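Results of the structural survey
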Amino acid sequence: MGFVIAIDGPAASGKGTLARRIAGLYGFHHLDTGLTYRAVARALLENGVALDDEAAAADMARGLDLSGLDRAVLSAHGIGEAASKIAVMPPVRRALVEAQRRFAAREPGAVLDGRDIGTVVCPDADVKLYVTASPEVRARRRHAEMQAAGSTAGYDDVLADLRRRDARDMNRDDSPLRPADDAHLLDTSEMDIEAAFRTARALIEAAR
Ligand code: C5P
């Protein structure tokens, strides 16, 4: 087992960018666990399988190959929405968590980001960060990203989507989004990525 860094938080909190930079700094493996839920959702959508077909979703989850996750394809907005629907299914979570734990054990270390890394996937992680920001700040960031990518979606719709996804992620019975008791809270509402990175780095250095 290498050094494990768990990073959780809601959509567009900045946790993904932070996770990639930290992994790059230490030469650790990085897994965006949201992509694993997205890949299962995409497979169902592509095969015309209903998003409430739990048995089919669990089969897809058990057959998932973590090495083939394509961020460019999986980042589509509709896939995120579908992912949060299949993410409420316990057999889907069990299969994906098992694969995520195997990934976390890789040497010399691993950074995993998601919703339940510090609470469920890696409860013994060496460092746990919970990255958050107000819904309005997250919606502004997501909206700017989407505009840069050519989307014409309005800010109000982006904010409403984020709130809906937060509610689904925080209120589900299995592994709801919440900070682990021993997580360091990092509110990036008034912090840019550089400041967040410096803070995270200091916390990790203290634990190493
Ligand atoms: O982080 P991202 O937006 O890619 O995640 C898509 C969805 O996958 C989330 O809204 C959440 O429902 C689910 N997810 C999860 N547990 C994780 C990572 C993502 O339930 N560890």
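Coordinates for the structure precede this section.
Described below are features of the structure shown in this document.

The rules behind the values
- Residues numbered from 1 in each chain as written.
- Predicted model: local features only at pLDDT ≥ 70, side-chain atom pairs only at ≥ 80, totals over all residues.
- Heavy atoms only, no water.
- Axes fitted to C-alpha atoms, helices over the stretch in contact; angles between N-to-C directions.
- Helix = DSSP H or I, 4+ residues; strand = E, 2+ residues; numbered from the N terminus.
- Parallel < 35°, antiparallel > 145°, perpendicular 65-115°, else oblique.
- Left-handed = near helix turned anticlockwise from the far one by under 90°.
- Contact = heavy atoms within 4.5 Å.
- Nonpolar A, V, L, I, M, F, W, Y, C, P; charged D, E, K, R; others polar.
- Buried < 20%, exposed > 50% of the residue type's maximum accessible area, 1.4 Å probe, protein only.
- Polar contact = N/O pair within 3.5 Å; in protein donor to acceptor, adjacent residues only side chain to side chain.
- Near = heavy atom within 4 Å.
- Areas by Shrake-Rupley, 256 points an atom, 1.4 Å probe, with all protein chains shown as cover.
- Core = buried A, V, L, I, M, F, W, Y, C linked by side-chain atoms within 4.5 Å.
- Pairing = 2+ DSSP bridges.
- Salt bridge = Lys/Arg side-chain N within 4 Å of Asp/Glu carboxyl O.

Let's shift gears to the packing of helix H2 (residues 34–46) against helix H6 (residues 90–104). Close contact between H2 and H6 brings their axes to 10 Å; oriented N to C, the two are set at 135 degrees. Classified by the angle their axes make, H2 and H6 are oblique. For the crossing formed where H2 meets H6, the hand is right-handed. Only Val92, Arg93, Leu96, Val97 and Gln100 of H6 make contact with H2, whose side of the interface consists of Thr36, Tyr37 and Val40. Along the lines of polarity and charge, the residues of the contact of H2 with H6 split into five nonpolar, two polar and one charged.

Here arginine 138 is to be found in helix H8 (residues 135–148). For arginine 138, a relative accessible area of 3% gives the class buried. For the pair arginine 138 and alanine 11, spaced 127 residues apart in sequence, the C-alpha separation works out to 7.6 Å. For arginine 138, the contacting residues outside a window of four places in its chain are Pro10, Ala11, Ala12, Ser13, Ala133, Leu162 and Asp166. Only 2.6 Å separates the side chain of arginine 138 from the side chain of aspartate 166, close enough to count as a polar contact.

Right, let's get into the site of the ligand. Around the ligand there are 15 residues in total, and Arg38, Arg93, Asp116, Arg165 and Asp169 lie nearest to it. Between an oxygen atom of the ligand and a side-chain N or O atom of aspartate 169, the distance comes to 2.6 Å. Between the ligand and the protein, one listed contact pairs an oxygen atom with a side-chain N or O atom of arginine 172 at 2.9 Å. About the coverage of the ligand: the protein hides 96% of its 450 Å² of free accessible area. Elements with a contribution of two residues or more to the shell around the ligand: H2, helix H5 (77–86) and helix H9 (155–171). By residue number, the principal contributor to the shell around the ligand is H2, which donates three residues. The residue inventory of the shell around the ligand, partitioned by class, reads three nonpolar, four polar and eight charged.

Here we come to the nonpolar core. Core analysis: the biggest nonpolar cluster contains 31 residues, and Tyr37, Ala57, Ile86, Val92, Leu112 and Cys122 have the highest contact counts within it. Elements represented by at least two residues in this core include exactly strand S1 (3–8), H2, helix H3 (54–62), H5, H6, strand S3 (109–114) and helix H7 (117–121). Not counting chain neighbours up to four residues away, the residues in contact with alanine 57 comprise Val40, Leu44, Ile86, Met89 and Val92.

Now for unusual backbone geometry. Following glutamate 107, the chain continues into proline 108 via a peptide bond in cis, with omega recorded as 0 degrees. Mapped onto the secondary structure, proline 108 falls in the loop between H6 and S3. For alanine 12, which is not glycine, the phi dihedral falls at a positive 65 degrees. The topology assignment puts alanine 12 in the loop between S1 and helix H1 (15–26). Classification of alanine 12 as buried rests on a relative accessible area of 13%. In this structure, serine 175 takes a positive phi of about 55 degrees despite not being glycine. Assignment of secondary structure puts serine 175 in the loop between H9 and strand S5 (184–187).

A word on the sheet that holds S1. Ordered by their spatial adjacency, five strands build an open sheet running S2-S3-S1-S4-S5, and the pairing between neighbours is parallel. Both edges of this open sheet fall to strand S2 (29–32) and S5, since each of them pairs with a single strand only. Strand after strand, the sheet turns through a mean of 20 degrees between neighbouring axes, direction not considered. Here strand S4 (residues 127–132) pairs with S5 via four bridges, running parallel.

Glancing now at the side chain of glutamine 100. Tracing the chain through its elements places glutamine 100 in helix H6. The residues contacting glutamine 100, other than those within four sequence positions of it, are Leu31, Thr33, Thr36, Tyr37, Leu112 and Val121.

For side chains of opposite charge, pairing can occur when their charged atoms come near one another. One pass over the structure, following the stated rule, counts 15 salt bridges. Between aspartate 32 and arginine 71 there is a salt bridge, with its nearest N and O atoms 3.2 Å apart. Residue aspartate 32 is found in strand S2, and its partner arginine 71 is found in helix H4 (residues 71–74); the two are separated by 39 residues along the sequence. With relative accessibility at 15%, the residue aspartate 32 sits in the buried group.

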